[in-house]
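Now for the letters of each chain:
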Amino acid sequence: MRARLIVGNWKLNKTPSQARTFIERLKEALPKNRRAELVVAPPFPALQAVRDALGQSGDVLLGAQDMFWEDQGAFTGEVSAPMLKDLGCRYVIIGHSERRQWFGERDESVAKKVKAALRHEVFPIVCVGESLAEREADRTEETVTTQVERGIGDCSAHAIQRLVIAYEPIWAIGTGRAATPEQASAVHQMIRRLITKQWGNDAAQAVRILYGGSVTPQNITGFLAAPDVDGALVGGACLDPEAFVKMAALAEAE
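Reading guide: rules and limits
Residues numbered from 1 in each chain as written. Predicted model: local features only at pLDDT ≥ 70, side-chain atom pairs only at ≥ 80, totals over all residues. Heavy atoms only, no water. Helix = DSSP H or I, 4+ residues; strand = E, 2+ residues; numbered from the N terminus. Rg over C-alpha atoms; globule rule 2.2 N^0.38 Å. Buried < 20%, exposed > 50% of the residue type's maximum accessible area, 1.4 Å probe, protein only. Contact = heavy atoms within 4.5 Å. Areas by Shrake-Rupley, 256 points an atom, 1.4 Å probe, with all protein chains shown as cover. 1 Å grid on protein atoms, 1.4 Å probe; cavity = no way out; pocket = protein on both sides within 12 Å on 5 of 7 lines; lining within 4 Å. Points joined across faces, edges and corners; volume = space filled by probe spheres on them. Nonpolar A, V, L, I, M, F, W, Y, C, P; charged D, E, K, R; others polar. Axes fitted to C-alpha atoms, helices over the stretch in contact; angles between N-to-C directions. Parallel < 35°, antiparallel > 145°, perpendicular 65-115°, else oblique. Left-handed = near helix turned anticlockwise from the far one by under 90°. Phe/Tyr/Trp six-rings, centres within 6.5 Å; stacked < 30°, edge-to-face > 60°. Lys NZ or Arg CZ within 6 Å of the ring centre and 35° of its normal. Core = buried A, V, L, I, M, F, W, Y, C linked by side-chain atoms within 4.5 Å.

*Asks:* Summarise the overall build of the chain; cite the residues concerned and give the values.
*Replies:* A count of helical and extended segments in the chain gives twelve helices and eight strands. In terms of overall dimensions, the chain is globule-like: its C-alpha atoms have a radius of gyration of 17 Å, near the 18 Å expected for 254 residues. Within the chain, buried positions represent 52% of all 254 residues. For the chain, restricting intrachain contacts to residue pairs at least 6 apart in sequence, the fraction spanning at least 24 positions comes to 72%. Looking at the chain as shown, the accessible area adds up to about 11,600 Å², and 49% of this sits on carbon and sulfur atoms.

*Asks:* Pulling in residues and values, what's your account of empty space enclosed by the protein?
*Replies:* What the rule picks out here adds up to one cavity of 30 Å³ or more. In this structure, the largest cavity encloses a volume near 40 Å³. Contributing elements (two or more residues each) for the lining of the largest cavity: α4 (97-103) and β5 (123-128). Residue composition of the lining of the largest cavity, by class: three nonpolar, four polar and two charged.

*Asks:* How would you summarise the environment of L210 if you had to cite specific residues and measurements?
*Replies:* If you trace the backbone, L210 turns up in strand β7 (residues 208-212). Its relative accessible area of 0% is what places L210 among the buried residues. Discounting residues that sit within four places of it in the chain, L210 has contacts with L5, V7, V164, I165, A166, Y167, H188, D230, G231, A232 and L233.

*Asks:* Give me the lowdown on the packing of helix α5 (residues 107-119) against helix α7 (residues 140-152), citing residues and values where you can.
*Replies:* Each packed pair of helices is defined by two parameters, the angle between the axes and the distance between the axes. At a minimum axis separation of 7 Å, α5 and α7 run at an interaxial angle of 45°. In terms of orientation, α5 and α7 fall into the oblique class. In the crossing of α5 with α7, the sense of the turn from one axis to the other is right-handed. The segment α5 lies against α7, with D107, E108, V110, A111 and V114 engaging T146, Q147, R150, G151 and I152. Taken together, the residues that form the contact of α5 with α7 break down as four nonpolar, three polar and three charged.

*Asks:* Any chance you could break down the packing of aromatic side chains for me, citing the residues and the numbers?
*Replies:* Within the structure shown, the criterion is met by six aromatic pairs. Aromatic pair F68 and F75: ring centres 4.8 Å apart, planes at 45°, arrangement tilted. Here K14 stacks its cationic end above the ring of W10, 5.8 Å away from the centre of that ring. The residue whose ring lies beneath K112 is W69, and the NZ or CZ to ring-centre distance is 3.9 Å.

*Asks:* Requested: an account of the nonpolar core, with residues and values cited.
*Replies:* Among the nonpolar cores identified, the biggest contains 72 residues, and I152 and I191 are the most heavily contacted of them. At seven residues, helix α9 (residues 181-199) tops the list of elements feeding residues into this core. The residues touching I191, leaving out its near neighbours within four places in the chain, are V128, V144, I165, Y167 and I209. One finds V7, A41, V164 and L210 within the second-largest nonpolar core, a separate group that totals 13 residues.

*Asks:* Explain the environment of P181 to me, using residue names and the numbers behind them.
*Replies:* Counting through the fold element by element, P181 comes out in helix α9. Under the relative-accessibility criterion, P181 is labelled partly exposed at 26%. Each residue touching P181, except ones within four places of it in the same chain, is listed here: G222, F223 and A226.

*Asks:* A description of unusual backbone geometry should follow, citing residues and the corresponding values.
*Replies:* Generally, phi is negative for residues other than glycine and the peptide bonds are trans, each holding for most cases. A positive phi angle, near 80°, is found at K14, a position not held by glycine. Counting through the fold element by element, K14 comes out in the loop between β1 (5-9) and α1 (16-29). Here K14 falls in the partly exposed class, since its relative accessible area comes to 23%. The backbone of S214 shows a phi angle near 60°, a positive value even though the residue is not glycine. Mapping S214 onto the fold places it in the loop between β7 and α11 (220-225). Residue classification places S214 among the buried positions, given a relative accessible area of 17%.

Keep in mind that these numbers describe shape and distance, not what the molecule does.
Put into structure tokens, the structure is as follows:
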């Protein structure tokens, strides 16, 4: 059975000192002996502060919001997978729609980043999702299929089992307009069928598929109860430790 995964994407929020305070409050409130896996993804300057605050307990894992595909070199402003691994990052978000929208991220660069992350045993959380215009034109399956095939198509069946896919409909991110659990589940099932077809049933049953897009403590239960939804990639609602704790507790339910 796939373990549930709840990822808090802090985006461009929290200084290192604010991040440290957040983690201290989070650790005090989290129940012990949980089954769901929790990840926080702070901005780059706060990664070390969060790592130090988390300590060695493993109650919450560290993730990053992006990375470059080269290990080192003349790439001013970039951060590599070896750097993230050395900081203690277990996960890295790749191909988020905000990276695609504001920074020109393309499926080809997503693919290179995914391979680099896997090479250094940092597990990629690969984001896919359609725009409102694409959904209204009934092109959701076409768009998501293309993003999956181009973003992870060069990976082996073994590698596929080590990554996470996050379905984030662009029209639901930061808008307060979440997809319905039924809409999310339909796309998740489509993605799993696609992986079964191209990489086999073992890979399809191992890969975790998260829903992201205006997830809150009020609606997360509906998503987690939907078929083939293995967790959530949470944005704004994860910035409050009490809200994140509540979502973590809800993820423990069968």
